[in-house]
Amino acid sequence: MDCKKNLIAFIQKAVRTKSFSDEEGELAHLILEEMQRLDYDEAFIDSTGNVVGRIGNGPKIVHFDSHMDTVQVNDPETWRVPPFSGKIVDGYLWGRGSVDMKSALGASVYAAAIAKRSGYAEGKTVYVTGSVCEEYCDGENLKHLYRELSLKPDFCVICEPSDNVVTLGHKGKAQIRIRTKGVSAHGSAPEKGVNAVYEMAEIISRVDALNRSLCRENAPHGTVVLSDISCVSASLNAVPSECAIYLDRRLALGETLDLVRQEMAELIRGKDATWEVGTLHHTSWTGASLTYEPMHDPWKIEQDHPLTQSLIRAYKNVYRREPETFDFWDFGTNAITPVAMGIPTIGFGPGEYKLAHMTDERCAVSKIEEACDVYAELIKEL
């Protein structure tokens, strides 16, 4: 069997299989069938819709996770290569999800099978998952998975795109909803009401000022962005009685959720306003309810941690050199769940993450094959 050729063909099929958030069922079954074909010891779909493969039954438990869902494609006519073609052009596999993150998913699926065939999984249990709805509810998928399986791995590898650079952590996140109250009145007599949008205007200026104060040029720093705004009014001829904004606050190392709470209190100071966590609710493709509380501290694994050192050795086995650098993701991932459980967690995956969610998303075929090799070597080294 030409494993690498089959690996790339499998990822091409995965890219051709649309799997927008909450619509991952067809892809889950495709992955399940591939795991079974690759002689996994166990493969199934859990009640949340995550696809789960297991190899081995040893005491040391290693978990590789990739999410199955992708963002939408609203501009297919502007792509150089059609977004669901899975074509290979100029050494890249093109299409939605090729970077985020079907290439990594395929690489991990094949790596575990290679590890089994090579004897690397002796004394270990290796789980490979394709998880649901990460784009909206990162980490909630793994909460359900671990609870259902009564599982707590010894190590977790998040296979998000890092261009095959060992990634030691990522920023924290707080998503916040702020609401202002007003008094409705007819549009012809606005002085009889209180405009909730005007009440929000100064808060919006404070949000902009907060973001500017957080920015430190050429240094890691947090950010805050107003990502949504809406109002409630009796009609287009009425003074709005309520206004709401949604904030996305990213936390650099050293920043805390307590700091964010203080910032929110300051943003609404002196205003008829309240703030709350921007809880999100989704229903997975199997009908499972997902309730996501987006409040997470940043995290980073130590460079001398045994998991990091094992990944460094695996990297060296493949590339014949030490890693030249390490990375730290700006974005959030499913890592928030294992990290919160005290599970040593690290990141590594093919693809340039700047191409995620972008027109002309594409992943270098060579990086996919190398990532597969690194994952298999990591199983051996742990």
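In the block above lies the structure referred to throughout.
Residues numbered from 1 in each chain as written. Predicted model: local features only at pLDDT ≥ 70, side-chain atom pairs only at ≥ 80, totals over all residues. Heavy atoms only, no water.

### Let's talk about the overall build of the protein chain
We apply this condition: Secondary structure is summarised from DSSP: a helix means a run of H or I of at least four residues, a strand means a run of E of at least two, and numbering begins at the N terminus for each. Radius of gyration here uses only the C-alpha atoms, and the compact-globule reference equals 2.2 Å multiplied by the residue count raised to the power 0.38. Working definition: with a 1.4 Å probe on protein chains only, accessible area under 20% of the residue-type maximum means buried, over 50% means exposed, and in between means partly exposed. Whether two residues touch is decided by their heavy atoms; if any such pair falls within 4.5 Å, the residues are in contact. For accessible areas, the Shrake-Rupley method is used with a probe of radius 1.4 Å. Any residue's cover is judged against the shown protein chains and nothing else. Charged residues are defined narrowly, with Lys and Arg counted positive, Asp and Glu counted negative, and His plus the chain ends left uncounted. The atoms used to mark charge sites are NZ of Lys, CZ of Arg, CG of Asp and CD of Glu.
Within the protein chain one finds 10 helices and 19 strands. For 382 residues, the compact-globule formula gives about 21 Å, and the C-alpha radius of gyration of the protein chain, at 23 Å, lands near that figure. Projected onto its principal axes, the C-alpha positions of the protein chain cover 80 × 45 × 40 Å. Looking at the protein chain residue by residue over its 382 residues, the buried ones come to 55%. For the protein chain, the proportion of contacts with a sequence separation of at least 24, taken over those separated by at least 6, is 78%. By element, 49% of the accessible surface of the protein chain is carried by carbon and sulfur atoms, the whole surface being about 16,200 Å². Considering the protein chain, the positive charge centre built from 41 side chains and the negative charge centre built from 56 side chains are found 2 Å apart.

### A closer look at the packing of aromatic side chains
As a reminder of what qualifies: Two aromatic rings from Phe, Tyr or Trp, using only the six-membered ring of Trp, form a pair when their centres are within 6.5 Å; if the ring planes differ by under 30 degrees the pair is stacked, by over 60 it is edge-to-face, and anything between is tilted. For a ring to carry a charge above it, either NZ of a lysine or CZ of an arginine must fall within 6 Å of the ring centroid while also lying within 35 degrees of the normal to the ring plane.
Enumeration according to the criterion identifies 7 aromatic pairs in this entry. For the ring pair F20 and F84, a centre distance of 6.1 Å and an interplane angle of 75° mean the geometry is edge-to-face. Within this pair, whereas F20 is found in the loop between helix 1 (3–16) and helix 2 (25–37), its partner F84 is found in the loop between strand 3 (60–67) and strand 4 (88–89), the two being separated by 64 residues in sequence. Members of the aromatic cluster, connected to one another through ring pairs, are F64, F348 and Y375. Of note, R362 hangs over the ring of Y92, and the distance from its end group to the ring centre comes to 5.7 Å.

### Details of empty space enclosed by the protein
Convention followed: Space inside and on the surface of the protein is sampled on a 1 Å grid over the protein atoms alone, with a cavity defined as a set of points where a 1.4 Å probe fits but cannot get out and a pocket as an open set with protein on both sides within 12 Å along at least 5 of 7 lines; lining residues have an atom within 4 Å of a point. Grid points are joined across faces, edges and corners, and a volume is the space filled by probe spheres set on the points. All residues other than Ala, Val, Leu, Ile, Met, Phe, Trp, Tyr, Cys, Pro, Asp, Glu, Lys and Arg, Gly among them, are scored as polar; the first ten of these are nonpolar and the last four charged.
Within the structure shown, the criterion is met by 1 cavity of 30 Å³ or more. In this model, the largest cavity occupies a volume close to 30 Å³. Taken together, F10, I11, A14, L27, I31, K102, L105 and G106 form the lining of the largest cavity. Going through the elements one at a time, helix 1, helix 2 and helix 3 (98–118) are the ones with two or more residues in the lining of the largest cavity. Partitioned by chemical class, the residues of the lining of the largest cavity number 6 nonpolar, 1 polar and 1 charged.

### Focus: the sheet that holds strand 5 (residues 92–94)
The cut-off we apply is this: A pair of strands is considered paired only if DSSP assigns at least 2 bridges between the two. Lines fitted to the C-alpha atoms define the axes, with helices restricted to the stretch that makes contact. Angles between their N-to-C directions range from 0 to 180 degrees.
Read across the open sheet, the 3 strands follow the order 4-5-19; overall the sheet is antiparallel. Edge positions in the sheet fall to strand 4 and strand 19 (362–364), since each of these pairs with one other strand and no more. Relative to strand 19, strand 5 runs antiparallel, the two sharing 3 bridges. Its bridge partner lying in strand 19, L93 is registered against C363. Packing against the sheet, helix 3 makes contact with strand 5 and strand 19, and its axis sits at approximately 45° to strand 19.

### Focus: the side chain of N50
Quick reminder of the rule: Two N or O atoms form a polar contact when they lie within 3.5 Å of each other; inside protein one atom must be a possible hydrogen donor and the other a possible acceptor, and for residues adjacent in sequence the pair counts only when both atoms belong to side chains.
Following the sequence through the fold, N50 ends up in the loop between strand 1 (42–45) and strand 2 (51–55). One polar contact links the side chain of N50 to the main-chain carbonyl oxygen of N141, over a distance of 3.3 Å. The contacts of N50, once residues within four sequence positions are left out, are F44, I45, G130, S131, V132, N141 and L145.

### Looking at helix 2
Defined as follows: A helix is expected to span 1.5 Å multiplied by its residue count minus one.
Between its terminal C-alpha atoms helix 2 stretches 18 Å, which fits the 18 Å expected from 13 residues at 1.5 Å a residue. Buried within helix 2 we find G25, L27, A28, L30, I31, L32, E34 and M35. Those residues of helix 2 that are buried are in contact with helix 1, strand 1, strand 2, helix 3 and strand 6 (124–131). D39 sits one or two residues past helix 2 and shows a positive phi near 65°.

### Some points on the layout of surface pockets
Looking at the largest pocket, its volume works out to about 580 Å³. Looking at the largest pocket, it is lined by 25 residues, and the ones nearest its centre are V71, D100, E134, E135 and H357. When residues of the lining of the largest pocket are traced back to their parent elements, those giving at least two are helix 4 (134–137) and strand 9 (172–181). At 3 residues, helix 4 tops the list of elements feeding residues into the lining of the largest pocket.

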